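Here's the letter readout for the chains.
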Amino acid sequence: MKIAIVGAGLAGLAFSWYYKNLDPSAHLILFDSEPPSCRTSALAHLLYPYVGIRSKLNWQGPRALQKSTHLLKVASQFSDATLYKKLPLLKLASSEKQLFDLKKSVEEFPELKWKEETSLNKPGIWMEEVIQVDAQNYLIALEQACLSIGIEFQNKLFTKQMQDGFDKIIYCSGHQYSDSFSKPALSQMKGQGIILRRPAGFDQDFCLIAHQLHLIPAINPETIYIGNTFERDFKDSKPEPDKAIEILWPKLIEYFPNFSKSLILDVKAGVRLNAPSRLPILSKIQQNMWAFTALGSKGMLYHAYLGEILAQAVKKNSTKEIPKKVLYTNF
């Protein structure tokens, strides 16, 4: 069995790892012309099961968290870098409606705590432990893990002319629409983030989400990540520092007025593909063609869980393995 996996981001690497472990004799080839820094969105990669403005428990959240955490540990064996760390998260309410929704979530889920008084003088939800992931180094390490079990990697585009050479093709090409199949109603969103040098005396040791502002103490203790811009109208996926600063800086100084633009080190950008359900899509497009796409803001949570499910479905050549919540059948 010769299988092409188009896209070596979170989805492609997770699927490849699980499929090769199911069928060691299969010949898997990953195709991606981009470096790891361009294969995943630049938005902050936090791993926890309450992603979303209302902090509701995501569908299959605990199981997905378990699977992603396991794959992080696997990848860590193939890297000298620190791929992840655990730290608390504070999510502040930015409106009366969100305040109501967050309090309702706290009542429903005991692991969420309500803080009426915070260091930022606004109430919000406190999560004792989320996982901050260095996504780029994680991709590099997970690729090495895949190579170690005999998966091949080719740093080039996969074209229509190459399709006949494979028994199966799995499209995991992230935000890039494939012209090899018709598309469901997907939308793209660009996100930009700013890397700052940590100011002297700034000792905040928790992640902050407030009014579309993410402040994440980076794994590198000398830097801080600030995001995200949530742009629906954009020309390309390249960073636009002036625009990122225009959008993000007023939100930042609302909470941290002493921050200076002289702290800015870099601006990162990426594009996410979202489905109307806000969940990833798994689909059998044709007899020998499958898709794993639209991971959106939940890619870090779902890539391992759904990568394993898709591997089982492809191995059995049956969509019965795929939960209806993420199965798309209208190609």
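Conventions and cut-offs
Residues numbered from 1 in each chain as written. Predicted model: local features only at pLDDT ≥ 70, side-chain atom pairs only at ≥ 80, totals over all residues. Heavy atoms only, no water. Helix = DSSP H or I, 4+ residues; strand = E, 2+ residues; numbered from the N terminus. Rg over C-alpha atoms; globule rule 2.2 N^0.38 Å. Contact = heavy atoms within 4.5 Å. Areas by Shrake-Rupley, 256 points an atom, 1.4 Å probe, with all protein chains shown as cover. Buried < 20%, exposed > 50% of the residue type's maximum accessible area, 1.4 Å probe, protein only. Polar contact = N/O pair within 3.5 Å; in protein donor to acceptor, adjacent residues only side chain to side chain. Expected span 1.5 Å × (residues − 1). Bend = angle between axes of the 7 residues up to and from the residue. pLDDT = per-residue confidence, 0-100. Phe/Tyr/Trp six-rings, centres within 6.5 Å; stacked < 30°, edge-to-face > 60°. Lys NZ or Arg CZ within 6 Å of the ring centre and 35° of its normal.

Asker: Please give an account of the overall build of the chain that cites residues and values.
Answerer: For the chain, the count of helices and strands is 6 helices and 15 strands. For 331 residues, the compact-globule estimate of 2.2 N^0.38 gives 20 Å, and the C-alpha radius of gyration of the chain, at 20 Å, lies within 12% of that figure. In terms of overall dimensions, the chain has a C-alpha envelope of 60 × 40 × 40 Å along the principal axes. Sequence-distant contacts in the chain: of pairs separated by 6 or more residues, those separated by 24 or more amount to 73%. For the chain, the accessible surface area stands at approximately 15,300 Å², while carbon and sulfur atoms represent 49% of it.

Asker: Describe unusual backbone geometry, naming the residues involved and giving the relevant values.
Answerer: Put simply, Gly 227 and Asn 228 share a cis peptide bond, and its omega is 0 degrees. Within the element layout of this structure, Asn 228 appears in the loop between β12 (223-227) and α5 (241-255). Although it is not a glycine, Phe 230 adopts a positive phi angle of roughly 50 degrees. One can find Phe 230 in the loop between β12 and α5.

Asker: Any details on the environment of Asn 21? Residues and values, ideally.
Answerer: Structurally, Asn 21 is set in helix α1 (residues 10-22). What makes Asn 21 partly exposed here is its relative accessible area of 45%. Separated by 128 residues in sequence, Asn 21 and Ile 149 place their C-alpha atoms 8.2 Å apart. From its side chain, Asn 21 meets the backbone oxygen of Trp 17 in a polar contact 2.7 Å long.

Asker: I'd like a description of helix α6 (residues 299-316), backed by residues and values.
Answerer: Along its 18 residues, α6 runs 24 Å from first to last C-alpha, staying within 8% of the 26 Å computed at 1.5 Å per residue. Of all the bends in α6, the greatest measures close to 25 degrees and is centred on Tyr 305. Across the 18 residues that make up α6, a large majority, 15, are buried. Where α6 terminates, the next one or two residues include Asn 317, which has phi positive at roughly 55 degrees.

Asker: Break down the confidence of the model for the chain for me, citing the residues and quoting the values.
Answerer: Looking at the chain as a whole, its pLDDT mean stands at 91, while 95% of the residues score no less than 70. For the chain, strand β13 (residues 264-274) is the element with the lowest average pLDDT, namely 91, and helix α2 (residues 61-76) is the one with the highest, namely 98.

Asker: Any details on the environment of Ser 277? Residues and values, ideally.
Answerer: With respect to the helices and strands, Ser 277 occurs in the loop between β13 and β14 (281-286). Remark: the alpha-carbon pair of Ser 277 and Ile 170, spanning 107 residues in sequence, is separated by 22 Å. Polar contacts involving the side chain of Ser 277 include one to the main-chain amide nitrogen of Leu 279, which spans 3.2 Å.

Asker: Would you mind going over the packing of aromatic side chains in detail, with residue names and values included?
Answerer: Summed over all chains, the structure comprises 12 aromatic pairs. Measuring from ring centre to ring centre gives 5.5 Å for Trp 126 and Phe 206, while their planes differ by 65 degrees; the resulting arrangement is edge-to-face. Of this pair, Trp 126 sits in strand β6 (residues 124-133) while Phe 206 is found in the loop between β9 (187-197) and β10 (207-210), placing the two residues 80 residues apart along the sequence. Phe 206 shares its class with Trp 126; the two are buried. The ring of Phe 166 carries Lys 2 above its face, with NZ or CZ at 5.0 Å from the centroid.

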